[in-house]
Amino acid sequence: MAHIPDGLLTLPVLIGTGALAAGGVALGLRALDDRAIPRVALLAAVFFAASLVAVPVGPSSVHLMLSGLMGVMLGWGIFPAVLVALALQAALFGMGGLTTLGTNTLNIALPGALVGMVLGPMIRSATSPARAGALAALGAVLAVAGTAAGVAVALFLSAPEFTPAVKVLGLTYLPLALVEAGVSGAIVTFLARVEPHALHPNLHSVEDLPA
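Analysis parameters
- Residues numbered from 1 in each chain as written.
- Predicted model: local features only at pLDDT ≥ 70, side-chain atom pairs only at ≥ 80, totals over all residues.
- Heavy atoms only, no water.
- Axes fitted to C-alpha atoms, helices over the stretch in contact; angles between N-to-C directions.
- Helix = DSSP H or I, 4+ residues; strand = E, 2+ residues; numbered from the N terminus.
- Parallel < 35°, antiparallel > 145°, perpendicular 65-115°, else oblique.
- Left-handed = near helix turned anticlockwise from the far one by under 90°.
- Contact = heavy atoms within 4.5 Å.
- Nonpolar A, V, L, I, M, F, W, Y, C, P; charged D, E, K, R; others polar.
- Phe/Tyr/Trp six-rings, centres within 6.5 Å; stacked < 30°, edge-to-face > 60°.
- Buried < 20%, exposed > 50% of the residue type's maximum accessible area, 1.4 Å probe, protein only.

Here helix 5 (residues 101-124) crosses helix 6 (residues 129-158) at 155°, and the two axes come no closer than 8 Å. Judged by the angle between their axes, helix 5 and helix 6 are roughly antiparallel. Handedness of the helix 5/helix 6 crossing: right-handed. Where helix 5 abuts helix 6, its residues Thr103, Asn107, Ile108, Pro111, Gly112, Val115, Leu119, Met122 and Ile123 lie against Ala132, Leu135, Ala136, Leu138, Gly139, Leu142, Ala143, Gly146, Thr147, Gly150, Val151 and Ala154. Looking at the contact of helix 5 with helix 6, its residues break down into 14 nonpolar, 7 polar and no charged.

A word on the packing of aromatic side chains. Taken as a whole and assessed by the stated rule, the structure comprises 2 aromatic pairs. A ring pair is formed by Phe48 and Phe93, whose centres lie 6.0 Å apart and whose planes are at 50°; its orientation type is tilted. Taken as a pair, Phe48 in helix 2 (residues 37-50) and Phe93 in helix 4 (residues 78-93) lie far apart in primary sequence, 45 residues in all. Seen in terms of ring centroids, Trp76 and Phe79 are 5.8 Å apart; in terms of plane orientation they differ by 20°. Their pairing is stacked. For Trp76, a relative accessible area of 28% puts it in the partly exposed group. Residue classification places Phe79 among the buried residues on the basis of a relative accessible area of 1%.

Below, the structure is given as structure tokens:
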């Protein structure tokens, strides 16, 4: 339930999370240069497509987000990528909501951006592709946990009555974290071996890599 629909959150929560999301988008746009736009667009498309495939788990459903991977590859650029994808999903498929666009963007993009900021340098300096993949798997788990926490806090602040449902929904993120860890770890292991510059948000070719 990373896509919180319209009508569940109170106005103060919508305004607060929307303001934070706007700040993240501003940081992401400031950090982008022209050469990074294709990468942002590509990963936004991957997120858009992957998150459309929802798998029922208990009373809810889960879908891939790959926010940890996006945070490593895009840095703060994850914010505009997620915002555009979520806006299109809400407008075209009714996933999530337009009023909750800021909340959903924050819940998905912020954990990924933090993973990229903390674990990204460790992944890029890893002594082997396998180690880079293992760190990426850890980052994926942390990003999923961060999204789950963000959803829980937003719902709780809107209405404490959501607490029992939030506890149940939180359990649905456990299998998602494991799947995300496997997918993200495999992708980063591959990229670290054949295309290491792709793991640098500000590098766009092998020639940009430091000697």
